[in-house]
Amino acid sequence: MGKGSILIVLALLLSTLYSCSSEPKVGEVTDEPMTITVWEGESLEGTYTGETLEGIPEGTGTFLYEDGDRSLEYTGEFKDGTLSGKGTLDCTFFMVHFTSGADKGLNREGHYNGDVLDGIPSGTGSFSAINGDGEPYTYTGEWKNGLYDG
């Protein structure tokens with residue numbers, strides 16, 4: 001093998017090594033401690049099980065957060081470490097803004113369980129809270145852009 005052949009083989013080897021090292025690291029984790037942006041820039045520390053890209057949730061997975069009586073479980077799509085795409089959410093401290101009815105203009109914190117799109121209720125879901133008179137109530141039905149729609 002001549003000098004030219006050796007240089008070509010060496011160049012091919014270096015090219016292969018360089019291209020392998022620049023590939024993004026795709027992986028999967030189980031119960032990995034992570035901080036996830038859930039909505040409007042709010043981040044929570046919990047555990048994540050699912051697909052990752054460079055150690056950040058990307059693809060599908062499940063995020064769990066618990067702190068006393070506050071809990072959140074999201075299973076669905078992630079992009080760049082945030083809830084992004086379709087999924088299901090079970091959250092005991094979800095805030096809903098009412099645009100009509102007795103609670104018009106008010107925000108109510110309660111328990112949401114249902115479909116979400118980018119972390120916002122969209123599809124079928126249920127929201128339970130306490131109204132201004134201290135009475136418990138539940139809305140179950142369709143949601144669109146974070147508002148009840150039915």
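Cut-offs used in this document
Residues numbered from 1 in each chain as written. Predicted model: local features only at pLDDT ≥ 70, side-chain atom pairs only at ≥ 80, totals over all residues. Heavy atoms only, no water. Helix = DSSP H or I, 4+ residues; strand = E, 2+ residues; numbered from the N terminus. Contact = heavy atoms within 4.5 Å. Areas by Shrake-Rupley, 256 points an atom, 1.4 Å probe, with all protein chains shown as cover. Core = buried A, V, L, I, M, F, W, Y, C linked by side-chain atoms within 4.5 Å. Buried < 20%, exposed > 50% of the residue type's maximum accessible area, 1.4 Å probe, protein only. Pairing = 2+ DSSP bridges.

(A) Inspection of the overall build of the protein at higher detail. Of the regular secondary structure elements, the protein holds one helix and nine strands. Beginning at the N terminus, the succession of helices and strands in the protein can be written as α-β-β-β-β-β-β-β-β-β. Sequence-distant contacts, at least 24 apart, represent 28% of the contacts inside the protein between residues at least 6 apart. Accessible surface, the protein: about 9400 Å² in total, of which carbon and sulfur atoms supply 53%.

(B) Structural view of the nonpolar core. Trp39, Phe63, Leu72 and Leu89 are the most contacted members of the largest nonpolar core, which totals 25 residues. For this core, the secondary structure elements donating two or more residues are strand 1 (26–39), strand 2 (42–53), strand 3 (56–67), strand 4 (70–79), strand 5 (82–97), strand 6 (107–117), strand 7 (120–130) and strand 8 (136–144). Top contributing element to this core by residue count: strand 5, with six residues. Those residues in contact with phenylalanine 63 that sit more than four places away from it in its chain are Met34, Ile36, Leu44, Glu45, Gly46, Thr47, Tyr48, Leu72, Glu73, Tyr74 and Phe78.

(C) Looking closely at the pairing of strand 5. Relative to strand 5, strand 4 is paired through seven bridges, and the arrangement is antiparallel. Paired with tyrosine 74 across the bridge in strand 5 is leucine 89. Hairpin connection between strand 4 and strand 5: a loop of two residues separates the two successive antiparallel strands, and aspartate 80 in this loop has a positive phi of roughly 50°. Where strand 5 meets strand 6, ten bridges bridge the pair, whose relative direction is antiparallel. Each bridged residue has a counterpart across the sheet, and for methionine 95 the counterpart in strand 6 is glutamate 109.

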